[in-house]
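Here are the chains, one letter per residue:
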Amino acid sequence: KVYAVDTWAGSSDERDLTNSLAKQEDIYQTFLSNTKQFANLTPIRKSSIEAANDFEDGSIDWIFIDAGHTKPEVKQDVAAWLPKVKFGGIISGHDYEPSVWMQVCEAVNEMFPDRKINVVDSIWRVINIPPNTKEGYYGIEGVSGTEVSAENVPGESTKDLLSYPDALSPKY
């Protein structure tokens, strides 16, 4: 099951395209129209923080955050969603671009100070591991737990990563 969480009210940041777009059209209806073919998609029309309260701790395999872009907003989102991600699961997000979204980068770096943050293009990701656990303890066998990605799994695409046997299971 896939959940899409958004207010669909547009971003408060004028640099974000949705800031002006949401003033011109109903972007929620556009989203529904663009995603109607995905039967497993459930939209949740709430703020990120409000929606996080609807999920049990340790219930999510993979979270992708692309909400507020200020340092406090990103840190609040990571703090709200990280407990919801299973150990061995992935917390990830968009706009890790130092030249454009420095506050996103700063927030992610501050939230994971002792961890390798894997960045591909502007997408960042980190494996959720228990406190005081060594890197590589979780993840695909033979791959460091903080570097799990489709490119680390021969013959697998990103969309198939979650179906990879034990891709998100702890390795003891």
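Residues numbered from 1 in each chain as written. Predicted model: local features only at pLDDT ≥ 70, side-chain atom pairs only at ≥ 80, totals over all residues. Heavy atoms only, no water.

Another aspect to go through is the packing of aromatic side chains. Centre-to-centre distance and the angle between the planes together describe a pair of aromatic rings. Taken as a whole and judged by the stated rule, the model has five aromatic pairs. Aromatic pair tyrosine 3 and phenylalanine 55: ring centres 5.1 Å apart, planes at 80°, arrangement edge-to-face. Of this pair, tyrosine 3 sits in strand β1 (residues 2-6) while phenylalanine 55 sits in the loop between α3 (48-52) and β3 (60-65), and the two are 52 residues apart along the sequence. Residue classification places tyrosine 3 among the partly exposed residues on the basis of a relative accessible area of 39%. Residues phenylalanine 55 and tryptophan 81 carry aromatic rings whose centres are separated by 5.5 Å and whose planes lie at 55° to one another, so their mutual orientation is tilted. Of this pair, phenylalanine 55 sits in the loop between α3 and β3 while tryptophan 81 sits in helix α4 (residues 71-81), placing them 26 residues apart in sequence. Following the ring pairs from residue to residue traces out a cluster consisting of Tyr3, Phe55 and Trp81. The ring centre of tyrosine 28 lies 4.2 Å from the NZ or CZ of arginine 45, which sits over that ring. (Phe/Tyr/Trp six-rings, centres within 6.5 Å; stacked < 30°, edge-to-face > 60°. Helix = DSSP H or I, 4+ residues; strand = E, 2+ residues; numbered from the N terminus. Buried < 20%, exposed > 50% of the residue type's maximum accessible area, 1.4 Å probe, protein only. Lys NZ or Arg CZ within 6 Å of the ring centre and 35° of its normal.)

Within strand β4 (residues 85-93), seven of the nine residues are buried, which leaves the element mostly enclosed by the surrounding structure. As judged from the five bridges shared by β3 and β4, these two strands associate in the parallel manner. When the sheet's bridge partners are listed, tryptophan 62 is paired in β4 with isoleucine 90. As judged from the four bridges shared by β4 and strand β6 (residues 123-127), these two strands associate in the antiparallel manner. Within β6, the position partnered with glycine 93 by the bridge is tryptophan 124. (Pairing = 2+ DSSP bridges.)

Ranked by size, the top nonpolar core spans 23 residues in total, and within it Trp81, Ile91, Val108, Phe112 and Trp124 carry the most contacts. Looking at this core, the elements with two or more residues in it are α3, β3, α4, β4, α5 (102-111) and β6. Within the second largest apolar cluster, six residues are counted, among which are Ala4, Trp8, Tyr28 and Leu41. (Core = buried A, V, L, I, M, F, W, Y, C linked by side-chain atoms within 4.5 Å.)

Attention shifts here to the sheet that holds β3. The strands that make up a sheet are held in pairs by hydrogen bonds between backbone atoms, and each pair lies either parallel or antiparallel. The four strands are arranged β3-β4-β6-β5 in an open sheet whose pairing can be described as mixed. The strands lining the two open edges of the sheet, one partner per strand, are β3 and β5 (118-120). In this sheet, neighbouring strand axes are inclined to one another by 20° on average, regardless of whether the strands run parallel or antiparallel. This element, α4, spans β3, β4 and β6 of the sheet and lies at about 170° to β3. (Axes fitted to C-alpha atoms, helices over the stretch in contact; angles between N-to-C directions. Contact = heavy atoms within 4.5 Å.)

Without other data, these values stay purely geometric and don't point to any function.
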